[in-house]
Amino acid sequence: MKHSFYEASARERIEGILDAASFREILPPAERVVSPHLQALDLPAAFDDGVVIGSGTLDGESVLVAAQEGEFMGGAVGEVQGAKLVGLLDRAVRDKPAAVILLFESGGVRLQEANAGLIAVSEVMRAILSARSAGISVLGAIGGQYGCFGGMGIAARCCDSLVMSEEGRLGLSGPEVIETARGVEEFDSRDRGLVWRTVGGKHRYLLGDCSILVDDGIADFREALRRLMESRAAFDLDAVLHEHDMLTRRIEQLGECKDGADIWRCLGWNDPTLLPMLDTNEFLQQAQSRAAR
Amino acid sequence: MDWQTVTDALFPQGHDVTQAGDFVCGTGRCGEQAFAVIGTTNHAEVGVELALAMARAVLDVITQYPGRPVLFLIDTKGQRLRHRDELLGINSYMAHLGKCVEIARQRGHRVLGLIYDQALSGGFIPNAMMADLCAAMPEAEIRVMGLPAMARITRIAEERLRALSEVSPVFAPGAINFVRMGAVDALWDGTLPTHLLEMLHRADAVDRRSERGFERGGRALAQPVARRVAESA
């Protein structure tokens, strides 16, 4: 029986991804570093403000790690949570670990902290990019119930590489936000198939927005992150020029598509209805043989 | 405020900034200094195409005018809220723009931002909020969302949010609150070329927003918490 990443808490994910008993938490709940803004609203605070951070080893290599806790306000980022993430990335520049591993699970800006949340998210994004400029490898993983949206959906794509599970969801504006703004005709947030075809792990993998797709097991995520630590993605002018070409082609080739299934058809899946049925291995084999053609 | 008024005032030595749709781009001269101007207008909704156009403009400055400072001129009502943008991975386009800004910084470009009209949520995160320093016009409207929408989503009474926003910069929309919290360097209410050159002179690659927010009393915890973590054993 696999230990599901999707079902696990932030702490369980860290325990399962790092080497046994190697995790040392920074600002643990006992320190009681909580959000001042939630207190002002008489809302319950979390003693870790919804993110667990610390150091440890993965396959013997030293890493810094953070995991957002979806069960606390959907992983939304406030002032303290953002500062913990920024501090961890700053510490990485000092310590030069083999990687910083970010286990994302977030709806984005914590609206109860409005301006402070938005600024925090942009500071996290900048800290990820600064760490990468300083030669630090920053790896992300997405596979929790709340997905990764809002500013954290942008921040996640600032990492060197991302690992996702099929159940993981990645985007900017969540389906409910779009439905509220534009109506159910624009995006029916209760149509689970539609949501999955738009922001789900397989779709993101086929577009090239995540580099590894894994089964929903903490051990699968660990193995994928270990593999990603073996090489470093370049972060220089050539890399962004290359990405620019890829994103330009994406609009040219797929910009008229109305649905994920149309995109998959354009990418060579003659019968896209089969795609959701395939298990991760079968899917990856078929995706790779299509890419080779 | 329209972008022509802003560019005319910013660049007494002339500019060739033009508008194409919601996208604004060109070169402005302020004294001896040339600036690459990249921006948005019409309260633009930033979708995949506009994010990509801004990224292209940043890459062109890096490759054609090494070292030239970049000035983002921002007027946006936020990211475009369409199914199509999500389908195409708009977050990747926004991240790409942020990466282009970081690479410009890596290669010695100073990157500045000026919010001259509106700035909402995802529309100014990958440009103005990635800049070395960002200023705003005094009448600029900067916010995550309006108080009525915030009240609805958070289920906190609007009157309560309104009362709190009287005493705290956290909830209230408005450029001055982003100054107090350190995300906006200053409001430009004097001679624009003087402000621009002065900010360019001070800009560097270090993100000091939490430090400013602490000094100005708008964010008490961001800087001390980040420092405790960064300096932890």
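Above this text is the structure in question.
Residues numbered from 1 in each chain as written. Chains lettered and ligands numbered in written order. Predicted model: local features only at pLDDT ≥ 70, side-chain atom pairs only at ≥ 80, totals over all residues. Heavy atoms only, no water.

A.B. asks: Residue-level account of the overall build of chain A, with values.
C.D. replies: In terms of regular secondary structure, chain A is built from 12 helices and 7 strands. At 19 Å, chain A has a C-alpha radius of gyration in line with the 19 Å of a compact globule built from 293 residues. Across its three principal directions, the C-alpha atoms of chain A cover 55 × 45 × 45 Å. Across the 293 residues of chain A, 62% fall into the buried class. Of the contacts made within chain A by residues no fewer than 6 positions apart, 70% connect residues no fewer than 24 positions apart. For chain A, the accessible surface area stands at approximately 11100 Å², while carbon and sulfur atoms represent 48% of it. Each charge class in chain A was averaged separately, 30 positive and 45 negative side chains, and the resulting centres sit 3 Å apart. (Helix = DSSP H or I, 4+ residues; strand = E, 2+ residues; numbered from the N terminus. Rg over C-alpha atoms; globule rule 2.2 N^0.38 Å. Buried < 20%, exposed > 50% of the residue type's maximum accessible area, 1.4 Å probe, protein only. Contact = heavy atoms within 4.5 Å. Areas by Shrake-Rupley, 256 points an atom, 1.4 Å probe, with all protein chains shown as cover. Lys, Arg positive; Asp, Glu negative; His and termini not counted. Charge placed at Lys NZ, Arg CZ, Asp CG, Glu CD.)

A.B. asks: Let's hear about the overall build of chain B: which residues, and what values?
C.D. replies: Across its full length, chain B holds 10 helices and 8 strands. What you see for chain B is a C-alpha radius of gyration of 18 Å, in line with the 17 Å of a compact globule of 233 residues. Of all intrachain contacts in chain B linking residues separated by at least 6 positions in sequence, the fraction that spans at least 24 positions is 64%. Accessible area of chain B: about 8500 Å², with a carbon and sulfur share of 51%.

A.B. asks: Quick one: what's the story with the side chain of Ser121(B), residue by residue and with numbers?
C.D. replies: Looking at the secondary structure, you find Ser121(B) in the loop between strand 6 (111-120) and strand 7 (133-136). Engagement of the side chain of Ser121(B) in a polar contact is seen with the side chain of Gln79(B), the distance being 3.3 Å. Apart from the residues lying within four places of it in its own chain, the contact partners of Ser121(B) are Leu118(A), Gly78(B), Gln79(B), Arg143(B) and Val144(B). (Polar contact = N/O pair within 3.5 Å; in protein donor to acceptor, adjacent residues only side chain to side chain.)

A.B. asks: If you had to explain the state of the cysteines to someone new, which residues and values would you point to?
C.D. replies: Scanning the model with the defined rule gives 0 disulfides over all chains in all. For the unlinked cysteine Cys148(A), the closest cysteine sulfur is that of Cys159(A), found at 8.6 Å. Its relative accessible area of 0% is what places Cys148(A) among the buried residues. As a non-bridged cysteine, Cys25(B) has Cys100(B) as the owner of its nearest cysteine sulfur, 13 Å distant. The class of Cys25(B) is partly exposed, set by a relative accessible area of 28%. (Disulfide = S-S within 2.5 Å.)

A.B. asks: Before we move on, can you summarise the pairing of strand 7 of chain B with the specific residues and values?
C.D. replies: Residue and element names in this part refer to chain B. Side chains Leu133 and Ala135 of strand 7 all project onto a buried face; the interleaved residues Cys134 and Ala136 project onto the opposite face, where all are buried too. In the sheet, strand 6 pairs with strand 7 via 4 bridges, with the strands oriented parallel. Bridge assignment links Leu112 to a residue of strand 7, and that residue is Leu133. (Pairing = 2+ DSSP bridges.)

A.B. asks: A description of the nonpolar core should follow, citing residues and the corresponding values.
C.D. replies: Counting residues in hydrophobic clusters, the biggest one holds 131 residues, and the most contacted among them are Ile115(B) and Phe124(B). Tallying contributions element by element places helix 4 (residues 114-133) of chain A first for this core, with 12 residues. With near-sequence residues (within four places) excluded, Phe124(B) lies in contact with Leu118(A), Ile74(B), Thr76(B), Ile115(B), Ala119(B), Met129(B), Ile142(B), Arg143(B) and Phe178(B). If you look at the next biggest cluster of nonpolar residues, it comprises 26 residues, including Ile14(A), Leu58(A), Val65(A) and Ala224(A). (Core = buried A, V, L, I, M, F, W, Y, C linked by side-chain atoms within 4.5 Å.)

A.B. asks: Describe the packing of helix 3 (residues 79-95) of chain A against helix 10 (residues 222-230) of chain B, with residues and values.
C.D. replies: Between helix 3 of chain A and helix 10 of chain B, the least distance of the axes is 7 Å, while the angle of their chain directions is 35 degrees. Judged by the sense of rotation from one axis to the other, the crossing of helix 3 of chain A with helix 10 of chain B is right-handed. Every residue of helix 10 of chain B that contacts helix 3 of chain A at Glu79(A), Val80(A), Ala83(A), Lys84(A), Val86(A), Gly87(A), Leu88(A), Asp90(A), Arg91(A) and Arg94(A) is listed here: Ala222(B), Val225(B), Ala226(B), Val229(B) and Ala230(B). Tallied by class, the residues present in the contact of helix 3 of chain A with helix 10 of chain B amount to 9 nonpolar, 1 polar and 5 charged. (Axes fitted to C-alpha atoms, helices over the stretch in contact; angles between N-to-C directions. Left-handed = near helix turned anticlockwise from the far one by under 90°. Nonpolar A, V, L, I, M, F, W, Y, C, P; charged D, E, K, R; others polar.)

A.B. asks: Would you mind going over the sheet that holds strand 5 (residues 138-142) of chain A in detail, with residue names and values included?
C.D. replies: All names here are of chain A. Pairing is mixed across the open sheet formed by 7 strands, whose spatial order is 1-2-3-4-5-6-7. Of all strands in the sheet, those bounded by a partner on one side alone are strand 1 (24-26) and strand 7 (212-214). Direction aside, the axes of adjacent strands within the sheet are offset by 25 degrees on average.

A.B. asks: Any chance you could break down the pattern of salt bridges for me, citing the residues and the numbers?
C.D. replies: Scanning the entire structure with this criterion turns up 41 salt bridges over all chains. Residues Arg94(A) and Asp95(A) are paired through a salt bridge, measuring 2.7 Å at the closest nitrogen-oxygen approach. On the accessibility criterion, Asp95(A) (33% relative accessible area) is partly exposed. Linked through salt bridges whose partners overlap, the residues forming this network are Arg157(A), Arg204(A), Asp209(A), Glu243(A), Arg250(A) and Lys99(B). (Salt bridge = Lys/Arg side-chain N within 4 Å of Asp/Glu carboxyl O.)

A.B. asks: Lay out the interface of chain B and chain A in plain terms, naming residues and giving numbers.
C.D. replies: In this complex, chain B contributes 77 residues to the contact, which on the side of chain A involves 81 residues. Of the roughly 6700 Å² buried between chain B and chain A, counting both surfaces, carbon and sulfur atoms make up 64%. At the junction of chain B and chain A, the tally comes to 6 salt bridges. One salt bridge in this structure joins Glu243(A) and Lys99(B), with 2.8 Å as the shortest N-O distance. Where chain B packs against chain A, one counts 39 residue pairs in polar contact (both at pLDDT 80 or more). For the side of chain B that touches chain A, the secondary structure elements donating two or more residues are helix 2 (48-64), helix 3 (83-87), helix 4 (90-106), helix 5 (147-154), helix 6 (158-167), helix 7 (175-180), helix 9 (209-215) and helix 10 of chain B. (Buried area = accessible area lost by both parts, 1.4 Å probe.)

A.B. asks: Talk me through unusual backbone geometry; I want residue IDs and the actual numbers.
C.D. replies: All names here are of chain A. Residues other than glycine seldom take positive phi values, yet Leu27 does so here, at roughly 50 degrees. For Leu27, the location among the structural elements is in the loop between strand 1 and helix 2 (36-40). Residue classification places Leu27 among the buried residues on the basis of a relative accessible area of 7%.

A.B. asks: Before we move on, could you go through helix 10 (residues 237-254) of chain A and cite the residues and values that matter?
C.D. replies: The end-to-end C-alpha distance of helix 10 of chain A, which contains 18 residues, comes to 25 Å, matching closely the 26 Å that a straight helix rising 1.5 Å per residue would cover. Buried within helix 10 of chain A are the following residues: Leu237(A), Val240(A), Glu243(A), His244(A), Leu247(A), Arg250(A), Ile251(A) and Leu254(A). Projected down its long axis, helix 10 of chain A shows its buried positions confined to an angular sector of 155 degrees, all on one face. For helix 10 of chain A, the exposed residues lying more than 90 degrees away from the buried face are Asp238(A), His242(A), Glu252(A) and Gln253(A). The secondary structure elements touched by the buried residues of helix 10 of chain A are helix 8 (201-207) and helix 11 (260-266) of chain A together with helix 2, helix 3 and helix 4 of chain B. (Expected span 1.5 Å × (residues − 1). Arc of directions from axis to C-beta.)

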